[in-house]
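# Summary of the model geometry
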Amino acid sequence: MRWEQKVQSAADSDIGLRRKNNQDAFTVQFSSSVEDWQRRGHLFIVADGMGGHAVGELASKMAVDSIPLTYFKSRNESIAEALTEAIEKANAEIHQRGMENRDFNRMGTTCVALVLCHKGAIVGHVGDSRCYRVRGDRIEQLTFDHSLEWELTRAGRLKPGEAFLPEAKHVITRSLGPEPAADVDIDGPFIVFPGDRFLLCSDGLTGHVPDHEIGMIVHSLPPDEAARLLINLANMRGGSDNVTVVIADCGPLPEGGAAPAPETPQQPVEPAVGAFWMLFFWLTILVIGIGAVLIATRHWIGGGVFTGLGAASLFALIAHWQRKRPVPMGNMPDTEIPPQTYREASARPTQEFLAGLARLKRELRELAADENWTIDWPAHDRAVAAAREALDRKHVARAMSEIGKAVDCLMTGLHAHRKKVRLAKMASEHAEADQRAAEQLAAELREAEQAEVTEHDAELSED
Ligand code: CA
């Protein structure tokens, strides 16, 4: 990646519809000079805290405050090592805070940190908050979830795609805070191509929105619109958890800039390797063909040699394609060597997705009308009309953007409505409490008066 490639980012965090507080946190820190960028790159972090009361909130906030401080100050020349050290230090600090106070005992947080630098994209993480890359119409998960489900699948105790206990889905096997030392995973460096988009998120998003839908939205919309729609979609499907999304969009190379070169020997040079193996494939077919012709014309030795050679090449080809084949959705790698990415899916927008999104929006619209939410109806109707027109012209990205705007009008109305209901409830609770306090005061006064009268009577009888 080059410094001249301007990175656009969008980040947002939402409490969701069920939780009383938001225990997620995020930070985005750009290097402001080419020198700083060469040394450390741009840093993006999402953390998802856990623990009762305000404990999770504190843990995730400590992570997003502490990691950049240590990382940017570090003198370690290796970006991966500096990132690991920064995450380990945050773990030690959170652990220490947890030990100081019994209420904070075992406070913890997940953490996923992405660095975009001259080496490419480097990801450090602990827990099940994820990092994805959207390139063209593919989405790839770059991090391995430290969750019970993923660990059991990796150990072969759970079959890929096998149904897992819903209540155990969010059980994580690693986090920052509960233990004195943290085991940090580093993935990458991944080559960054112009137009690559990276997404960091908490499990509040992935619990409601599957990978291919995340891919379609991030692929089709500018980062700020994509972040809004992802959060709105998670909330429309229940909003059972806090949702946090950070998107980084890597801009084009400067005029005449060279294409990115591979940064490490393991990086695949996909187009060149693909072309080589395609040539190899056609040569194999040619060799087998020649062998067959020779055998047909009774040139047994030549025919045998060519057919044998062709069969060996075919075997090599099949072995190569087996190794290269991406792990399908729901599958886990079964080798000790971590693969380049952990899962991948198509991010190509589909009519079904748009139709489903439009259906959800219609249901929400009916609810809004029934419950009389305050909605910016002119903006909503304009977006719906523009979405219809875009659909007629088969302009999928535009249609998604307009449906997203209409959804946002409705969700803004929903949040305002919920706030009004909450405030009304609080006011009525206050009024009830005031009433109870007034009644109690009156009762106490009556009792005091009664006691005075009795005392006075007693005094009189003594006299
Ligand atoms: Ca969460």
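Described in the following lines is the structure provided in the data block. Since we're looking at a predicted model, the values are computed, not measured.

### With respect to the overall build of the protein chain
- Counting secondary structure elements, the protein chain contains 12 helices and 12 strands.
- Against the globule reference of 23 Å for 463 residues, the protein chain gives a C-alpha radius of gyration of 30 Å, more extended than a compact globule.
- Each principal axis of the C-alpha atoms in the protein chain carries an extent, and together these give about 145 × 55 × 50 Å.
- Buried residues in the protein chain amount to 43% of all 463 residues.

### Things to note about the coordination of the calcium ion
- Taken together, D48 (OD), D48 (OD), D203 (OD) and D241 (OD) make up the full set of protein donors to the calcium ion, lying 2.3 to 3.1 Å away.
- Spacing between the donor residues of the calcium ion along their common chain follows D-x154-D-x37-D. Residue D203 is found in helix 5 (residues 203-206), and its partner D241 is found in the loop between helix 7 (223-236) and strand 11 (243-250); the two are separated by 38 residues along the sequence.

### Quick notes on the pairing of strand 7 (residues 130-135)
- Across the 6 residues that make up strand 7, a large majority, 5, are buried.
- As paired elements, strand 7 and strand 10 (residues 197-201) share 5 bridges and run antiparallel to each other. Following the sheet pairing, R133 is matched in strand 10 by F198.
- Two strands pair when backbone bridges link them, and strand 7 and strand 8 (residues 138-141) are joined in this way by 4 bridges, in the antiparallel orientation. What sits directly across from Y132, in strand 8, is Q141.

### Observations regarding the sheet that holds strand 7
- As summarised here, the arrangement of the 6 strands in space is 1-11-10-7-8-12, forming an open sheet in which the pairing is antiparallel. Edge strands, defined here as strands with exactly one partner in the open sheet, are strand 1 (7-14) and strand 12 (343-346). Neighbouring strand axes in the sheet, compared pairwise and without regard to direction, differ in orientation by 15 degrees on average.
- Two elements, strand 10 and strand 11, share 5 bridges in a ladder whose sense is antiparallel. From the neighbouring strand, F198 faces strand 11, where its bridge partner is A248.
- Packing of helix 6 (residues 211-220) onto the sheet brings it into contact with strand 7, strand 8, strand 10, strand 11 and strand 12, and relative to strand 7 it is tilted by some 55 degrees.
- Lying on the sheet, helix 7 is in contact with strand 1, strand 10 and strand 11; it crosses strand 11 at an angle near 155 degrees.

About the criteria used
Residues numbered from 1 in each chain as written. Predicted model: local features only at pLDDT ≥ 70, side-chain atom pairs only at ≥ 80, totals over all residues. Heavy atoms only, no water. Helix = DSSP H or I, 4+ residues; strand = E, 2+ residues; numbered from the N terminus. Rg over C-alpha atoms; globule rule 2.2 N^0.38 Å. Buried < 20%, exposed > 50% of the residue type's maximum accessible area, 1.4 Å probe, protein only. Donors = N, O, S within 2.8 Å, 3.2 Å for Na, K, Ca; no water. Pairing = 2+ DSSP bridges. Axes fitted to C-alpha atoms, helices over the stretch in contact; angles between N-to-C directions. Contact = heavy atoms within 4.5 Å.

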